[in-house]
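If you want the building blocks of each chain, they are given just below.
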Amino acid sequence: MQIRNGRMAAPPALDALDNSIIEILRTNGRATNQDIAQQLSVTAATVSARLQKMEDARAMRVVAVTDFAARGYNVIIAVGVRVQGRGIQEVGRDLAKFPEVLSVNAMNGGYDLELMVALHDFSEVQEFLYDHISGIEGVAQIDSGVAVDIVKYEFNVVPLGPT
Amino acid sequence: MSAPLLDPLDRRIVDKLSFDARISNRAIAAELGVTEGTIRARIKRLQNEGLIHFTVVTDFRLAGSPNLCMMGINADPSQVTAIAEQLRRMPEINCVVLLLGRFNLLAMGLFTNIEQLNDLVSAKIRTLPGVQRVETGISVHNLKYEAGVARITQMPKGNSEINAVSKKNVVAMA
């Protein structure tokens, strides 16, 4: 049985050159078009056009990933939310508006929504959980877990398409 | 509060790179009114300290539109660190977090098929010594994902310097 996300859009077709460009950028996202072109024996203009095409198709994106610590986020919390009396996705979209909320997923499981929240320090936790999140209509219950160590965080496949 | 890891110039460089990771050092230098050498040195330092990392993220559709699955794990407290290490080594798992509160550990992975998830949970996770309970939740819809901020745990190749942040974590865990 296949479990699927709601989005049915067909994946953009990538050829061998596109994939080679992606592989080089995966290890060094700052490689110049000229560097990539030399490694693959094509022109820099070709590399530039391929990157543009893939970004326009929302197939890939080169990102600068900053560490939580570099942004001053010292407290990371995983929050499970139970919703009552309102649509789950509607509540999720309201929660997604908080800049401190890094991710929102509508779930099938013990909770209706799962949030990953980043805060600067513990003094912000109470206000964020009990005023901001709990203030959203439809939030009936929250259950939070404070991250004491993040031993792995490697997502190189992400939703880039419209959600 | 610990001392800020980024000074105002670092912050402005990071802001430019967060907006466009492919912007040239020359263009950043021109916009911020400093030399290209300064920009190159600042970026190198941030990379060496594990504060910034440049990579490619590809869309879910190219991976067969997987679903994010979250596994909340309760375990014997004396085994939590060892379980975290074993989960970290599993290629199917993208994220492992030690938690205080709802679970002892939270693990996440991307799956295109439910058998694959079930095999991982029943054959590889529930069987780990010390694991008491695994609560699995499947994301049916992603409403937000911020790819630009993460915990940087992989160090650049050929770099022997230890990430200041991970070093702190290792001490805290010991």
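Keep in mind it's a predicted model, so treat the numbers as computed, not measured. (Residues numbered from 1 in each chain as written. Chains lettered and ligands numbered in written order. Predicted model: local features only at pLDDT ≥ 70, side-chain atom pairs only at ≥ 80, totals over all residues. Heavy atoms only, no water.)

### Quick notes on the sheet that holds strand 5 (residues 131-145) of chain B
Where we set the bar: Two strands qualify as a pair provided that DSSP identifies no fewer than 2 bridges between them. Runs of E in the DSSP output that reach at least two residues are strands. Runs of H or I that reach at least four are helices, and both are numbered from the N terminus. Angles run from 0 to 180 degrees between N-to-C directions of axes, and those axes are lines fitted to C-alpha atoms, restricted for helices to the stretch in contact. Working rule for contacts: check all heavy atoms of both residues, and any pair within 4.5 Å makes them a contact.
With antiparallel pairing, 8 strands are arranged side by side around a closed barrel as 2(A)-4(A)-3(A)-5(B)-2(B)-4(B)-3(B)-5(A). Here the strands of the sheet are splayed against their neighbours by 35° on average, with no regard to which way each runs. Relative to strand 4 (residues 113-119) of chain A, strand 3 (residues 101-108) of chain A runs antiparallel, the two being bridged by 5 bridges. When the sheet's bridge partners are listed, V101(A) is paired in strand 4 of chain A with V117(A). Across the sheet, helix 4 (residues 88-96) of chain A lies against strand 2 (75-83), strand 3, strand 4 and strand 5 (139-153) of chain A together with strand 5 of chain B, angled at about 80° from strand 5 of chain B, the strand it touches most. Each of strand 2 (67-75), strand 3 (93-101), strand 4 (105-111) and strand 5 of chain B touches helix 5 (residues 114-125) of chain B; the most contacted strand, strand 5 of chain B, lies at about 150° to it.

### Looking at the sheet that holds strand 6 (residues 157-158) of chain A
Through backbone hydrogen bonds, the strands of a sheet pair up, either in parallel or in antiparallel fashion. On the basis of which strands lie adjacent, the open sheet formed by 4 strands has the order 6(A)-1(B)-1(A)-6(B) and mixed pairing. Looking at strand neighbours, the two that pair on one side only are strand 6 of chain A together with strand 6 (149-150) of chain B, the edges of this open sheet. Here strand 6 of chain A runs beside strand 1 (residues 52-59) of chain B; their pairing, made up of 2 bridges, is parallel. Bridge pairing in strand 1 of chain B places V158(A) opposite D59(B).

### Structural notes on the packing of helix 1 (residues 16-27) of chain A against helix 2 (residues 33-40) of chain A
Axes are the key here: two packed helices are described by the angle between their axes and the distance separating the axes. Residues and elements named next belong to chain A. Note the following rule: Should an angle fall under 35 degrees it is called roughly parallel, over 145 degrees roughly antiparallel, and 65 to 115 degrees roughly perpendicular, with every other angle called oblique. Working rule for handedness: look at the near helix, and if it is turned counterclockwise from the far one by less than a right angle, call the crossing left-handed; if clockwise, right-handed. Polar here means any residue other than Ala, Val, Leu, Ile, Met, Phe, Trp, Tyr, Cys and Pro, which are nonpolar, and Asp, Glu, Lys and Arg, which are charged; Gly is therefore polar.
At a minimum axis distance of 11 Å, the contact between helix 1 and helix 2 shows a crossing angle of 125°. The pairing of helix 1 with helix 2 is recorded here as oblique in orientation. For the pair helix 1 and helix 2, the crossing hand works out as right-handed. Across the interface between the two elements, L17, S20, I21, I24 and L25 of helix 1 pack against I36, Q39 and L40 of helix 2. Along the lines of polarity and charge, the residues of the contact of helix 1 with helix 2 split into 6 nonpolar, 2 polar and no charged.

### A look at the domain arrangement of chain A
For the record, the criterion: A domain assignment, automatic or from a database, supplies the domain bounds used here.
You can read the domains of chain A as domain 1 (16-56) and domain 2 (68-146). Relative placement of domain 1 of chain A and domain 2 of chain A: their C-alpha centres are 38 Å apart.

### What to know about the interface of chain A and chain B
In plain terms, the rule: Here the quantity called buried area is the total loss of accessible area, with a 1.4 Å probe, experienced by two parts when brought into contact, counted for both. Within this document, salt bridges are pairs made up of a side-chain nitrogen of Lys or Arg and a carboxyl oxygen of Asp or Glu, the two lying within 4 Å of each other. Distance and chemistry together define a polar contact, namely a pair of N or O atoms within 3.5 Å, with one atom able to donate a hydrogen and the other to accept it when in protein, and with adjacent residues in sequence counting only for side-chain atoms on both sides.
Counting residues at the interface gives 85 residues for chain A and 79 residues for chain B. Here chain A packs against chain B, burying approximately 7900 Å² in sum over the two surfaces, 55% of which is carbon and sulfur. In this assembly, chain A and chain B are joined by 2 salt bridges. The tally of links between chain A and chain B comes to 48 residue pairs in polar contact (both at pLDDT 80 or more). Per-element tally for the side of chain A that touches chain B: the top contributor is strand 5 of chain A, with 11 residues. Taken together, the residues that form the side of chain A that touches chain B break down as 47 nonpolar, 23 polar and 15 charged.

### Digging into the packing of aromatic side chains
Residue and element names in this part refer to chain A. Applied cut-off: Only Phe, Tyr and Trp rings are paired, with Trp represented by its six-membered ring, and only when their centres lie within 6.5 Å; those with planes under 30 degrees apart are stacked, over 60 edge-to-face, the remainder tilted. Burial classes: relative accessible area under 20% of the type maximum marks a residue as buried, over 50% as exposed, and values in between as partly exposed (1.4 Å probe, protein chains only).
Inspection of the entire model under this criterion finds 4 aromatic pairs over all chains. For the ring pair F68 and Y153, a centre distance of 5.6 Å and an interplane angle of 85° mean the geometry is edge-to-face. Here the residue F68 occupies a position in the loop between strand 1 (60-67) and strand 2, and Y153 occupies one in strand 5, the gap between them amounting to 85 residues. The class of F68 is buried, set by a relative accessible area of 0%. Given a relative accessible area of 9%, Y153 falls into the buried group.

### Focus: unusual backbone geometry
Non-glycine residue R58(A) carries a positive phi angle of around 55°. Its relative accessible area of 45% is what places R58(A) among the partly exposed residues. The phi dihedral of S65(B) falls on the positive side, at around 50°, and the residue is not glycine. With respect to the helices and strands, the residue S65(B) is situated in the loop between strand 1 and strand 2.

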